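What follows is the residue order along each chain.
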Protein chains: 2
Amino acid sequence: MSQTELVAELVRRASAASGRLGELRTDVKDAALLRAADALEEACERILAENRKDLDAGRAKGLAAPMLERLKLDRERVSAMADGLREVAALPDPVGEITRMWNRPNGLQVGRMRIPLGVILVIYESRPNVTADVAGLCLKSGNVALLRGGSEAIHSNLALAAVLRGAFSSAGVPEDALVFVPQTDREIVDALLQRDDAIDLVIPRGGEALIRRVAEQSRIPVIKHYKGVCHVYLDEFAEPKMASDIAVNSKVQRVSVCNAAETLLVHAALAETILPDVLGALAAHGVELHGCPRTRAAFPSALAVKEDDYSTEWLAKTMSVRVVDSLDQAIDHIRRYGSNHTETIVTQDVGRAREFLRRVNSSSVFVNASTRFADGFQLGLGAEVGVSTTKMHWYGPMGLEGLTTQKFIAFGEGTILE
Amino acid sequence: MSQTELVAELVRRASAASGRLGELRTDVKDAALLRAADALEEACERILAENRKDLDAGRAKGLAAPMLERLKLDRERVSAMADGLREVAALPDPVGEITRMWNRPNGLQVGRMRIPLGVILVIYESRPNVTADVAGLCLKSGNVALLRGGSEAIHSNLALAAVLRGAFSSAGVPEDALVFVPQTDREIVDALLQRDDAIDLVIPRGGEALIRRVAEQSRIPVIKHYKGVCHVYLDEFAEPKMASDIAVNSKVQRVSVCNAAETLLVHAALAETILPDVLGALAAHGVELHGCPRTRAAFPSALAVKEDDYSTEWLAKTMSVRVVDSLDQAIDHIRRYGSNHTETIVTQDVGRAREFLRRVNSSSVFVNASTRFADGFQLGLGAEVGVSTTKMHWYGPMGLEGLTTQKFIAFGEGTILE
C-alpha cells in the first residue's frame, strides 16, 4: 500500500467509526474501558516481550538512559495503564451533558449540549503508556483516537493497540475507536496534518521541536504548549513558611515537568527579611540560583542572572530569581518572559491575591498553592490529554471536557420567527 | 510607510492596547459604548457624506443594486448602529466571570474564570454597520478589534472608525481598542494572517470565496462557516399545522440568510396525508420545489430534484424536498449533505425529538422551532459576531461568551504537592 493509500485508509476508518462512537451509551463505553483494562493485564507477557524488542533496538541505537527508562514497561507499569483506564471509566461521561438551559421571551427553550469533537490525532514520542491513556480518554468522550507514536516504541505500541482494539471490539465498541498509524516517518505525519476535512484536532505531545513542526505543518487546529516558564511570586505580605514551602515545592518536587517553577519573583520588602531563608532552603535542596543584583546582595552565593535566563525553561535544579518593587512589576515580568502556563502568588493580603488572579491571564493562576497543581489529575479533571497555552478552544490542562464542544439545542412549540 | 511597516505598526498598536483592554472595569467599558453610540448619532451628517463617496464610486464601478443597498447608510441605519452599541452596553460583562468552582480533597479550591482572547481580526465585505457592531462586541469582551473592511466601503468605514475611536478615547478607553486597517488589498490580509504571534482569532464575514481564502492562508485559528444547508424534517408524528408553519417560516421568512432552510425531509407516512398541503403552502409563497420521485407523486408540479441540489445553499425561493422512510434515513441525509449549521425536527413524539437532538450534531439542533432562530440575538446571546460550523473553540452562533476563553484559578492555604 502506498503512503497516500495508507493515509486515505486510516482516515476513512477513523471517520467511519466517529459517527457510531458519538452515539454509544455510557454503560457500553465504560464496560469497554474495563474490558480493555483487564485485557492489558492478561496480555502483559506479550506486551513486555514486544517492549523488549524496542529496548534492544534502543540500546543498539545508543539511546540515552533516560530515554530507555521512559520506554521501558514492566508488570507494574502495565497495571498502572490498566488502572488509568479504570479511573476513566469511573469519570462522568461528558457527552450529552446539557450545560445550561434558558428561556426566550417567545417561549423557546434554548440550551447547550456537549458533543464529541470527532477524530483526535495524537502525535507522541517514547512513552508507550500514552497509547492506553489517550485511547481511554478519547473513547470516554466519544472521539476516535488516531494515534501516531514514536519509532523507538513501535513494537510496544502495536502490541498495546492490538490488545485495546480487541477488547473494545469484544465489548461492542467499534475497534476503530483506536486507529494506530503503523508507520513512524515524518512524511505520514505531514500528510495526516493536511486532512482538516476528516481530523478535528491534533495534540502533539513531546519536545518543543516536535510541537513547533506540527504547528507549522498543520491545517488542523493544534492543542499545544511550547514550554512552561512558570513563576512563583512572593508578595510583600507573604507568610514566611508558606513562601519557602511553595517556592521549594514548585521548584524541586519534580524538576523535569512543565509545571515546575523556573523563576522566583520576590517583593523588595522581603529582600532583607525572608529572602535569604527562602533561597537558603532552595540551595539546601541543591538548587542553583541565578539572581539579579538585589538577590545577590541578599544571598551572595547566587550566580548573576542573565536576561535570557528569565525566559529559560530550566527543567533542572536551577532557578532564576528577581527582586521586584511591586505587584505591577511582577505582572509585567510574567507577561514579558512567561509562557502562559502557570503562575502563583504567595500572599496573606486579599487585595493582592484578587489583583493577581484578575490581571494575570496565564492558563493556570494560583494563590498560595504550588505551581505543581497545574495538572489535569490534580485539578480534578480526572486525567489529562494535554495542556494548552493557546487561548483557543481550551486553555490549561485538558481532560474529557476539553475533548468536547457544545451544540445549541432548542425546544419550541411550533415557534416561528415573526 | 511600506506594507510590511504598516502591518507591523497595526499589530504593535493592537498588542499594546490588548493588555489594558482586558483589565478595564465594566462601568468604564459600558460608558465608552454609550459615548460611542451618542457620537455616531452626533456625527451622522459627516458619516453620510463619506458614505455618499462610497456610493458614488460604487455606481461608477457598476456595482449591482443589492450591493449598493447593503453599502448604503442613512439616518435610520446610523441610529440602528448606535442602538446596537447601547444593547451591548446593557449585556452582562463576560470577563472575570467564574463559571464553576470546586474543591479538591486536599482543600485546594479550583475554578475557571473567563478572560478575553486578545486581538480579534475581522475581515468583512460591504456592510459598514459591521464596523460598529464588531467594535462594540470586542470592547465589551475586552478584546481589541482589528478590522479590515471591503474596498467599496472604505470611506464609510474610516469615518465610522474615527468616530468610535474618538469616543472610546474620550471615555478613558484606549483608542486602539479599534484598530482599522486603512488598506483594502489582499496582500495586507495575507500578511496579517501570518501573525499568529499577535492575533488570536480571525473571523471572516462574507461570501464562501472570501472565507475559503482566509482559511487557506491563515496561521491563526479561523471562526467560519462556509454555507448553511439547513434542514427541516417533518416526522411521522408531526402536527400538521405546525409542520406547515415551520417549513414555510424556515424557508421564506428571509431567504438570503444562512439559517434559512434549503431542504425539506418528510417521513413517508406523511406523503399522502399532509405533504401535499405543506408543499402547497410553500408554493403559495412562491417557492420552487425540487422533489424526489415520491415527492412528485404527492405533488406533481414539483420539479425533479438532482443529487447536487441536496448540497445546494439556494439562498432563494427554491427548496429541495425528499421523502425518507425513517428518522435514521433523515439523519443519514443530514450527515451526508448538511453543513453542520442548523436542523429542526417537527414532531409530537418525545422519543423522536430526543433521538434527533441526541444524534444530530449540527451546531444548532431544534425541535418544533424554525431554523431562523439560529442567530445570536434570537437565541439570547445578545448579539452575534459570527457563526462557527467548525467544532473547535465555539460551535454555532457566537456572541460575547465566544469571544472569551477560561483560565484555571486556584486558592490554596500554602498547599503543596506531596
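Residues numbered from 1 in each chain as written. Chains lettered and ligands numbered in written order. Predicted model: local features only at pLDDT ≥ 70, side-chain atom pairs only at ≥ 80, totals over all residues.

### Notes on the relation of the copies chain B and chain A
Taken together, a rotation about one axis and a shift along it account for how the two chain copies relate.
Next up, step 1: Placing chain B over chain A gives an RMSD of 0.0 Å and needs a rotation angle of 180°, together with 0.0 Å of translation along the axis. What the superposition gives is, in effect, a two-fold axis relating one chain to the other. Across chain B, the smallest distance between a C-alpha and the rotation axis is recorded for H393 of chain B, namely 1.7 Å.
Next up, step 2: By residue overlap, the copies meet face to face through one surface: 100% of the interface positions of chain B are interface positions in chain A. (Least-squares fit on C-alpha atoms with pLDDT ≥ 70 in both. Contact = placed C-beta atoms within 7 Å.)

### What to know about the confidence of the model for chain A
Next up, step 1: Counting all residues, the mean pLDDT for chain A is 95, and 100% of those residues have values of 70 or more.
Next up, step 2: Across the interface, the model reports ipTM at 0.93; the global pTM reads 0.92. (pLDDT = per-residue confidence, 0-100.)

### Points about the domain arrangement of chain A
Next up, step 1: Taken domain by domain, chain A consists of domain 1 (3-224 + 398-408) and domain 2 (230-379).
Next up, step 2: Distance from the C-alpha centre of domain 1 of chain A to the C-alpha centre of domain 2 of chain A: 35 Å. (Domains from an automatic or database assignment.)

### Some words on the pairing of strand β16 (residues 404-415) of chain B
The two faces of a sheet get side chains in turn, since along a regular strand they alternate between them.
Next up, step 1: β16 of chain B sits mainly inside the fold: 9 of its 12 residues count as buried.
Next up, step 2: Pairing analysis gives 5 bridges linking strand β13 (residues 364-369) of chain A to β16 of chain B, with the strands arranged parallel. Following the sheet pairing, A369 of chain A is matched in β16 of chain B by T415 of chain B.
Next up, step 3: The pairing of strand β2 (residues 109-116) of chain B with β16 of chain B spans 8 bridges and is antiparallel. (Buried ≥ 20, exposed ≤ 12 C-beta atoms within 10 Å, placed from the backbone. Helix = DSSP H or I, 4+ residues; strand = E, 2+ residues; numbered from the N terminus. Pairing = 2+ DSSP bridges.)

### Thoughts on the packing of helix α5 (residues 75-90) of chain B against helix α6 (residues 129-140) of chain B
Two numbers describe a pair of packed helices, the interaxial angle and the distance between the axes.
Residue and element names in this part refer to chain B.
Next up, step 1: At a minimum axis distance of 9 Å, the contact between α5 and α6 shows a crossing angle of 10°. With respect to α6, the element α5 is oriented roughly parallel. On α6, the residues touching R77, M81, G84, L85 and V88 of α5 are N129, A132, D133, G136, L137 and K140.
Next up, step 2: Each residue belonging to the contact of α5 with α6 can be placed in one class, and the counts come to 5 nonpolar, 3 polar and 3 charged. (Axes fitted to C-alpha atoms, helices over the stretch in contact; angles between N-to-C directions. Parallel < 35°, antiparallel > 145°, perpendicular 65-115°, else oblique. Nonpolar A, V, L, I, M, F, W, Y, C, P; charged D, E, K, R; others polar.)

### So, the environment of V278 of chain B
Residues and elements named next belong to chain B.
Next up, step 1: With respect to the secondary-structure elements, V278 resides in helix α11 (residues 275-284).
Next up, step 2: Look at V278 and you get buried, because 28 C-beta atoms sit within 10 Å.
Next up, step 3: Here the alpha-carbon distance between V278 and S170, two residues 108 residues apart in the chain, equals 57 Å.
Next up, step 4: Those residues in contact with V278 that lie beyond four places of it in its chain are L234, A243, S244 and A247.

### Examining the pairing of strand β2 (residues 109-116) of chain A
Next up, step 1: Burial analysis of β2 of chain A places 6 of its 8 residues in the buried class, the great majority of the element.
Next up, step 2: Hairpin connection between strand β1 (residues 98-103) of chain A and β2 of chain A: a loop of 5 residues separates the two successive antiparallel strands, and G107 of chain A in this loop has a positive phi of roughly 95°.

### Points about helix α7 (residues 154-170) of chain B
Two residues of an α-helix separated by three or four positions point the same way, owing to the 3.6 residues in each turn.
Residue and element names in this part refer to chain B.
Next up, step 1: Its 17 residues give α7 an end-to-end C-alpha distance of 24 Å, which sits within 8% of 24 Å, the value for a rise of 1.5 Å per residue.
Next up, step 2: By the burial criterion, the buried members of α7 are S156, N157, A159, L160, A161, V163, L164, R165, A167 and F168.
Next up, step 3: Positive backbone phi, approximately 85°, marks G172, located one or two places after α7. (Expected span 1.5 Å × (residues − 1).)

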